[in-house]
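This is what each chain is made of:
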Amino acid sequence: MSATDGIIYMDNNATTMVAPEVLEAMLPYFSQLYGNPSSMHTFGGQVGRAVRTARGQIAELINAEPEEIIFTSCGTESDSTAILAALQAQPEKRHIVTTRVEHPAVKNLCRGLDSLTGHKHRITELPVESDGTLDLQRYEDSLSDETSIVSVMWANNETGVIFPIEEMAKIAKNRGILFHTDAVQAVGKIPIDLSTVPVDFLSMSGHKLHAPKGIGVLYVRKRTPFVPFLIGGHQEHGRRGGTENVASLIGLGKACELSARHIVKENTTVRALRDKLEKGLLEKIPNALLNGHKTQRLPNTANVSFEYVEGEAILLHMDRFGICASSGSACTSGSLEPSHVLRAMGVPFTAAHGSIRYSLSVYNNEDEVDFVLDKMPGIIANLRQMSPFWQNK
Amino acid sequence: MWEYTDKVKEHFLNPRNVGEIENPDGIGEVGSLSCGDALKLTFKLDEAKQKIIDAKFKTFGCASAIASSSALTEMIKGLSLEEAAKITNEDIADYLGSLPKEKMHCSVMGREALESAIANYRGVALPMAEGELVCECFGVTDLEIKRAIEESNLRTVEEVTNFTKAGGGCGKCVDRIQELINEVRKTGKPKIIPMTGPKRLTNIQKIKMIEDVFEREVRPTLKKDGGDVELLDVDGDYVIVSLRGSCASCSKSQTTLKEYIEKKLREQVLDTLIVEESKI
């Protein structure tokens, strides 16, 4: 019996399974091909060639040039590198435009910049509408000559809401302002073509698209001003010191190659499963609400609130059936307040504490969706009958 | 994922005493939807109004909040109100094995609901809500924070947040919490905050009020059975009385003392009073 027996994994925005093809591609680089890609000898050199191949596979998925790909350790490092590079390259500009729903990797970095750098920064966190979307006019109005960089996520990790990055990046470009997008959730789920979307920086993370944890990428457009974050050796053309995480980046290359195929499936099969799950939950369970825009959303994500019950309690009941998902409730975040994303959207407290995020992948099937639809109404009803706020109607 | 004990998991998955008692003797409601957890506790006393014979709860909250509520109802069944009033949040946590430190506020919520229900039965107001509001996000007063610092021996703002939630929202009040910690710590010996009674009464005031209750209610009742009572002294919370007439030799005199006289005084004078018979 394996650890995944009886597990229904619907938490793919948290992390994904390493695809079997990815694991297979990685294995030789642990045991046999362990050379350093920077070495002069043939033994290391062949590893260097494999690194170049992976770089090419990644560039191809987002329609970029291989030399625009910098390997990092994770999405968070990519975010930090991009924002700090923009600030250091333009020391006279100390204004950043971002949103209220960014991942902590961007949100907390921006909020802590003053103490980190010793300089005063102005941070504009754009509000979102109740469906999680942005007001573009407000965005445009927020830009100024002082603006160093705009950092806006491509798709939200909690709700899956997609922001109009192409339009937003063009507006910034016209004003000569650098643009960074945290595309950790978007890459591999929706098509991304950087030949038409003029972002300067883009962050991605391996473990969100069936590559392992511990490998990330920062895309830096050619001729974009850049200052390295990790200072050290000459790796990545002097843009990121530290010996490459060879096996993992080869895994990421393979995952990107697979993604090019999966992306069609993500937007057909996975979307259909997600829609069935979402529709079923909203139909079968009273006082259930969808969080986020109905269509302007990742194909794999459904964020549903069950009013008058608390998310952690829901998750633990789901856990008994092997169903894995996430919640925006306070108790699961380790803080005492519910998700900053749902609060920014103005989701009422009756619903914010009871939000459950289901995030699917190409490895889910219809039987699993049916099983979840079969179990959820009982779980919610059970918790509601012990909730002092729930009146049986 | 939280590391819950098997007992927490068991009480969460199979909670005891879920529901609401019809015509309860006491109702306690604490928390709110916005806070993320809330508990409604109801209990029923036996006919003599001595023991809790049934208790039920309704809880909105996480696994540890539900488990703490379930544990609380199990713990108080069969206890007298005086015994139940002594249950602390640590007792609830101990009953469940333990709680993750970030979840201690769930056990505090249980204790607060119990206090609120007992106060409801006795018809007195809880003083905790009358303090100065420190944490606006979760509605926590300085009295509640100081009490948690004393009772659970808290030393850092983080610990106070884990136990009371205060400071866990916007964080605006963390300086004030630190001040309260310093204040309580500096006083050395923990100061007992009175459970009820908005202000401290002087002994003279107490004597006057006790005499008043005796004259109006207690003595007329006792006299019907050929008994009487005399107030001898008041020392802090101790009320020393002498039973007279048929009461002096009655085998139920202790019951009269505790269940009738003490209860009347607690209801009408001060909730902490303890009535004792003079040994002389």
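Reading guide: rules and limits
Residues numbered from 1 in each chain as written. Chains lettered and ligands numbered in written order. Predicted model: local features only at pLDDT ≥ 70, side-chain atom pairs only at ≥ 80, totals over all residues. Helix = DSSP H or I, 4+ residues; strand = E, 2+ residues; numbered from the N terminus. Rg over C-alpha atoms; globule rule 2.2 N^0.38 Å. Buried ≥ 20, exposed ≤ 12 C-beta atoms within 10 Å, placed from the backbone. Contact = placed C-beta atoms within 7 Å. Domains from an automatic or database assignment. Nonpolar A, V, L, I, M, F, W, Y, C, P; charged D, E, K, R; others polar. Expected span 1.5 Å × (residues − 1). Pairing = 2+ DSSP bridges. Axes fitted to C-alpha atoms, helices over the stretch in contact; angles between N-to-C directions. Left-handed = near helix turned anticlockwise from the far one by under 90°. pLDDT = per-residue confidence, 0-100. Core = buried A, V, L, I, M, F, W, Y, C linked by C-beta atoms within 7 Å.

Quick notes on the overall build of chain B
Along its length, chain B carries eleven helices and eight strands. For 280 residues, the compact-globule estimate of 2.2 N^0.38 gives 19 Å, and the C-alpha radius of gyration of chain B, at 21 Å, lies within 12% of that figure. Dimensions of chain B along its principal axes, counting C-alpha atoms only, are 65 × 45 × 30 Å. Relative to its full complement of 280 residues, chain B shows a buried share of 40%. Sequence-distant contacts in chain B: of pairs separated by 6 or more residues, those separated by 24 or more amount to 56%.

Points about the overall build of chain A
If you tally the helices and strands in chain A, you get 15 helices and 13 strands. In summary, chain A has a C-alpha radius of gyration of 22 Å against a globular reference of 21 Å for 393 residues, a match within 12%. Its C-alpha atoms give chain A principal-axis dimensions of roughly 70 × 55 × 35 Å. Of all 393 residues assigned to chain A, the portion counted as buried reaches 53%. For chain A, the proportion of contacts with a sequence separation of at least 24, taken over those separated by at least 6, is 73%.

Examining the domain arrangement of chain B
On domain assignment, one finds that chain B holds domain 1 (6-123), domain 2 (129-186) and domain 3 (203-277). Of note, the centres of domain 1 of chain B and domain 3 of chain B, computed from C-alpha atoms alone, are 32 Å apart.

A few points about the domain arrangement of chain A
Residue and element names in this part refer to chain A. Here chain A is described as being made up of domain 1 (8-15 + 263-380) and domain 2 (20-258). Computed from C-alpha atoms alone, the centre-to-centre distance between domain 1 and domain 2 is 27 Å. Among the elements of the structure, helix H10 (246-284), strand E10 (301-306) and helix H13 (340-344) are those that each provide at least two residues to the side of domain 1 that touches domain 2. When its residues are assigned to classes, the side of domain 1 that touches domain 2 shows six nonpolar, twelve polar and three charged.

Quick notes on helix H15 (residues 366-384) of chain A
The terminal C-alpha atoms of H15 of chain A, which comprises 19 residues, lie 27 Å apart, in line with the 27 Å expected from a rise of 1.5 Å per residue. Among the residues making up H15 of chain A, those that are buried are Val 369, Val 372, Met 376, Ile 379, Ile 380, Leu 383 and Arg 384 of chain A.

Some details on the sheet that holds strand E4 (residues 122-126) of chain A
Backbone hydrogen bonds hold the strands of a sheet together, and the pairing may be parallel or antiparallel. Residues and elements named next belong to chain A. Read across the open sheet, the seven strands follow the order E2-E8-E7-E6-E5-E3-E4; overall the sheet is mixed. Of all strands in the sheet, those bounded by a partner on one side alone are strand E2 (69-72) and E4. Taking each pair of neighbouring strands and ignoring which way they run, the sheet shows an average axis angle of 20 degrees. Judged from the five bridges that link them, strand E3 (residues 95-99) and E4 form a sheet pairing that is parallel. The residue of E4 that forms the bridge with Thr 98 is Glu 125.

With respect to the interface of chain B and chain A
Contact residues are listed per partner, giving 20 residues for chain B and 21 residues for chain A. When residues of the side of chain B that touches chain A are traced back to their parent elements, those giving at least two are strand E2 (37-45), strand E3 (52-60) and helix H2 (63-76) of chain B. Along the lines of polarity and charge, the residues of the side of chain B that touches chain A split into nine nonpolar, six polar and five charged.

Let's talk about the environment of Phe 214 of chain B
Along the polypeptide, Phe 214 of chain B turns up in helix H9 (residues 203-224). Owing to 20 C-beta atoms within 10 Å, Phe 214 of chain B belongs among the buried residues under this scheme.

A short note on helix H7 (residues 157-164) of chain B
Residues and elements named next belong to chain B. Buried residues dominate H7, accounting for six of its eight residues. Buried within H7 are the following residues: Val 157, Val 160, Thr 161, Asn 162, Phe 163 and Thr 164. Those residues of H7 that are buried are in contact with helix H5 (104-122), strand E5 (140-141), helix H6 (142-151) and helix H8 (174-186). Note on H7: the residue one or two positions beyond its end, Lys 165, has a positive phi of about 75 degrees.

Regarding the pairing of strand E6 (residues 227-235) of chain B
Residue and element names in this part refer to chain B. Two strands pair when backbone bridges link them, and E6 and strand E7 (residues 238-245) are joined in this way by eight bridges, in the antiparallel orientation. Bridge pairing in E7 links Val 234 to Val 239. Following E6, the chain reverses through two residues before pairing antiparallel with E7; Gly 236 in that reversal takes a positive phi of roughly 60 degrees.

Observations regarding the sheet that holds E2 of chain B
Residues and elements named next belong to chain B. Pairing is antiparallel in the open sheet, where three strands are placed in the order E1-E2-E3. The sheet terminates laterally at strand E1 (26-32) and E3, the two strands that pair on one side only. For this sheet, the mean angle separating the axes of adjacent strands, direction not counted, is 10 degrees. Here E1 runs beside E2; their pairing, made up of seven bridges, is antiparallel. In the strand pairing of E2, Gly 28 is matched with Leu 41. Against the sheet, H2 engages E2 and E3, with an angle of about 175 degrees to E3. Contacts between H5 and the sheet are confined to E1 and E2, with E1 contributing the most and set at about 140 degrees to the helix.

Some points on the environment of Thr 99 of chain A
Residues and elements named next belong to chain A. Position of Thr 99 among the secondary structure elements: in strand E3. For Thr 99, a count of 23 C-beta atoms within 10 Å translates into the label buried. As a C-alpha pair, Thr 99 and Met 153 span 54 residues in sequence and 8.3 Å in three-dimensional space. Excluding anything up to four places from it in sequence, Thr 99 contacts Glu 125, Leu 126, Val 128, Leu 134 and Val 152.

Quick word on the packing of helix H3 (residues 42-61) of chain A against H10 of chain A
All names here are of chain A. Packing of H3 against H10 brings their axes to within 8 Å, and their N-to-C directions diverge by 35 degrees. Here the hand of the crossing between H3 and H10 comes out left-handed. Touching Val 47, Ala 50, Val 51, Thr 53, Ala 54, Gln 57, Ile 58 and Leu 61 of H3 are Val 246, Leu 249, Ile 250, Leu 252, Gly 253, Cys 256, Glu 257, Ser 259 and Ala 260, all from H10.

So, the confidence of the model for chain B
Residues and elements named next belong to chain B. Mean pLDDT for chain B: 85, with 92% of residues reaching 70 or above. Element-level mean pLDDT values for chain B span from 71 in helix H10 (residues 246-249) up to 96 in E3. The complex prediction reports pTM at 0.81, with the ipTM value standing at 0.88.

Overview of the pairing of E2 of chain A
Residue and element names in this part refer to chain A. Residues Ile 69 and Phe 71 point to one face of E2 and Ile 70 and Thr 72 to the other, with burial holding for every one of them. With four bridges connecting them, E2 and strand E8 (residues 216-220) associate as antiparallel partners. Within E8, the position partnered with Thr 72 by the bridge is Gly 216.

Overview of the nonpolar core
By size, the foremost hydrophobic cluster in this structure holds 84 residues, and its most contacted members are Ile 314 of chain A together with Ala 63, Ile 145, Val 160 and Ala 166 of chain B. No other element matches the nine residues that H5 of chain B contributes to this core. Ignoring any residue separated from it by four or fewer positions in sequence, one finds Ile 314 of chain A in contact with Phe 306, Val 309, Ser 327, Gly 354, Ile 356, Ile 379, Ile 380 and Leu 383 of chain A. In this structure, Ala 82, Phe 163, Met 168 and Phe 226 of chain A belong to the second largest nonpolar core, which totals 76 residues.

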